[in-house]
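The lines below spell out each chain.
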Amino acid sequence: MKKLLHISIALTILSAACSSGSNSQAIEKTAYAIDSAAIAVQQPIMDRLAGALSQHSGDGISEQMVRAAEMMLGTEYVAGTLDDGDDERVRVYLDRTDCIIFVETIFDLAHAVRQAGADADYSLLCDLVRQSRYRDGICERYSDRIHYTTEWIRQGEARGLMKDITEELGGVDFNDPIDFMSTHRASYRHLADTASAEANHDWEVIAAVEKSLNETPSYYIPEDRIATIQDQIRSGDIICFMSGTKGLDIAHVSIAYVHDDIVGFIHASQAEGRVIVDPKSISDYTLGRKSSPGIKVIRVL
């Protein structure tokens, strides 16, 4: 049996003044389990990343996210890592990733380095991930985890860490109510057992979350309009590719990467099996994907 290290962390996220203003986070305390075997593997990677990023401590979060994304190029794509095991636990991997975990990890990594510089360690990163991945930072059960990227964005906005600028860029209403998880519970291991009180509770919570998300309009930039606004996209913006599947909000997430006159992106590519700088622009990529009707643009603060 793997040994668990239980830790309590008093955490303050300190946001330095930037062009968008300054933000601060209150101290949050929690106790949760971290797999000690994971620490042995992940801490050396964290040391390397934090040491390099701390050399550019004057940069903003966007710049640090791009730098972290570049350092993680080639990282293996592995799906489903958050559902390892039967218990809900903060799982953070720097040696494997998928698309949303990649963006979440480098976002929280940049904040960890802003707070602690080269001394930012794996435990601090885990605590920051807990606060962004879980509703109100509570990690006790499957339904505490944020499963829809729309909710992840809105919680980040409520914490003053990001802003959805899609509507400002000319976005239109994404008129497709979110309900995929509650209407396809058999597709999710933790929800599938209708005879389980725990699974039924999680299903009810997730259905209520969907209803709440649908009460606020969501915007997107249609695929045929992206070329007209992509000069307003900055490196480090979070680019969300909308889903064409009924009931789902977002199918893929990436980091904008402006280079060589291309408004492109870095992402964990399932097709390539690793983190890459995509050869296509955001516009061309979206136009080439029948499954994605457009994008959402999120600016980190």
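About the thresholds
- Per chain, the residues get numbers from 1 upward, laid out in the order the sequence is written.
- Given that this is a predicted model, residues contribute local features only at a pLDDT of at least 70 and side-chain atom pairs are listed and counted only at 80 or more, while totals for whole chains, interfaces and linings are drawn from all residues.
- Side-chain descriptors were evaluated using all non-hydrogen atoms of the structure, hydrogens and water having been removed beforehand.
- Burial classes: relative accessible area under 20% of the type maximum marks a residue as buried, over 50% as exposed, and values in between as partly exposed (1.4 Å probe, protein chains only).
- Helix numbering and strand numbering both begin at the N terminus, where a helix is a DSSP run of H or I of at least 4 residues and a strand a DSSP run of E of at least 2.
- Pairing between strands requires that DSSP locate at least two bridges from one strand to the other.
- As used here, the term nonpolar core means buried Ala, Val, Leu, Ile, Met, Phe, Trp, Tyr and Cys residues forming a set that is joined through side-chain atoms within 4.5 Å.
- Throughout, a residue-residue contact means that at least one pair of heavy atoms, one from each residue, lies within 4.5 Å.
- Stacked, tilted and edge-to-face are the three classes assigned to paired rings of Phe, Tyr and Trp, where Trp is represented by its six-membered ring and a pair needs centres within 6.5 Å; plane angles under 30 degrees give stacked, over 60 edge-to-face, the rest tilted.
- By definition, being over a ring means that NZ of Lys or CZ of Arg is both within 6 Å of the ring centre and within 35 degrees of the ring normal.
- The axes are straight lines fitted to the C-alpha atoms, using for helices just the contacting stretch, and the angles between their N-to-C directions are given from 0 to 180°.
- For classification purposes, an angle smaller than 35 degrees is called roughly parallel, one larger than 145 roughly antiparallel, one from 65 to 115 roughly perpendicular, and anything else oblique.
- If you view the pair so one helix is near and one far, a crossing is left-handed when the near helix is turned anticlockwise from the far one by less than a right angle, and right-handed when it is turned clockwise.
- Here the term charged refers only to Asp, Glu, Lys and Arg, the term nonpolar to Ala, Val, Leu, Ile, Met, Phe, Trp, Tyr, Cys and Pro, and the term polar to all other amino acids, Gly among them.
- Salt bridges are defined as contacts in which a side-chain nitrogen from Lys or Arg sits within 4 Å of a carboxyl oxygen from Asp or Glu.

S.K.: Please give an account of the pairing of strand E14 (residues 294-300) that cites residues and values.
M.R.: Extensive coverage of E14 is indicated by the burial of seven of its seven residues. Here E14 shows a buried face lined by Gly294, Lys296, Ile298 and Val300 and a second buried face lined by Ile295, Val297 and Arg299. Across three bridges, strand E7 (residues 162-164) lies against E14 in antiparallel orientation. The residue bridging Lys163 from the neighbouring strand is Arg299, located in E14. As defined by bridge partners, strand E9 (residues 219-222) adjoins E14 across two bridges and the pair is classed as antiparallel. Paired with Ile221 across the strands is Ile295, a residue of E14.

S.K.: Requested: an account of unusual backbone geometry, with residues and values cited.
M.R.: Unusually for a residue other than glycine, Asp260 sits at a positive phi of about 50 degrees. Residue position: Asp260 is located in the loop between strand E11 (250-259) and strand E12 (262-269). In this structure Asp260 comes out as exposed when scored by relative accessible area, which is 67%. Of note in the backbone geometry, Asp261 takes a positive phi value of approximately 65 degrees without being a glycine. Relative to the helices and strands, Asp261 resides in the loop between E11 and E12.

S.K.: I'd like to hear about the nonpolar core, residue by residue, with values.
M.R.: Membership of the largest hydrophobic core comes to 53 residues, with the highest contact counts inside it found for Met65, Phe102, Ile106, Leu109, Trp152, Ile238 and Ile255. The element best represented in this core is helix H3 (residues 99-116), accounting for eight residues. Not counting residues within four places of it along the chain, the set of residues in contact with Trp152 comprises Val103, Glu104, Phe107, Ser132, Ile146, Met162 and Ile238. Formed by 15 residues, the second largest nonpolar core is a distinct cluster that contains Phe241, Val263, Phe265 and Ile282.

S.K.: Explain the packing of aromatic side chains residue by residue, including any values.
M.R.: The full count for this structure, using the stated rule, is five aromatic pairs. The rings of Phe241, Phe265 and Tyr285 are connected pair by pair, giving a single aromatic cluster. If you follow Arg96 out to its NZ or CZ, it ends over the ring of Tyr93, 3.8 Å from the centre.

S.K.: Break down the packing of H3 against helix H4 (residues 122-133) for me, with residues and values.
M.R.: Between H3 and H4, the shortest axis-to-axis distance is 9 Å and the interhelical angle comes to 125 degrees. Considered as vectors, H3 and H4 are oriented oblique to each other. The two elements H3 and H4 cross, and the hand of that crossing is right-handed. Residues Ile101, Glu104, Thr105, Asp108, Leu109, His111, Ala112, Gln115 and Ala116 of H3 form the contact with H4, whose own contacting residues are Leu124, Leu125, Leu128, Val129, Ser132 and Arg133. Here the residues of the contact of H3 with H4 sort into eight nonpolar, four polar and three charged.

S.K.: Describe the pattern of salt bridges, listing the residues and the values that go with them.
M.R.: Oppositely charged side chains can pair when the atoms bearing their charge come close. On inspection of all chains with the given rule, the structure shows 15 salt bridges. Where Asp86 meets Arg189, a salt bridge forms, and the shortest distance between an N and an O atom there is 3.0 Å. Residue Asp86 is located in the loop between strand E5 (76-77) and strand E6 (96-97), and its partner Arg189 is located in the loop between helix H6 (180-183) and helix H7 (197-214); the two are separated by 103 residues in the primary sequence. According to the relative accessible area criterion, Asp86 is exposed, its value standing at 68%. You can call Arg189 partly exposed: its relative accessible area is 49%.

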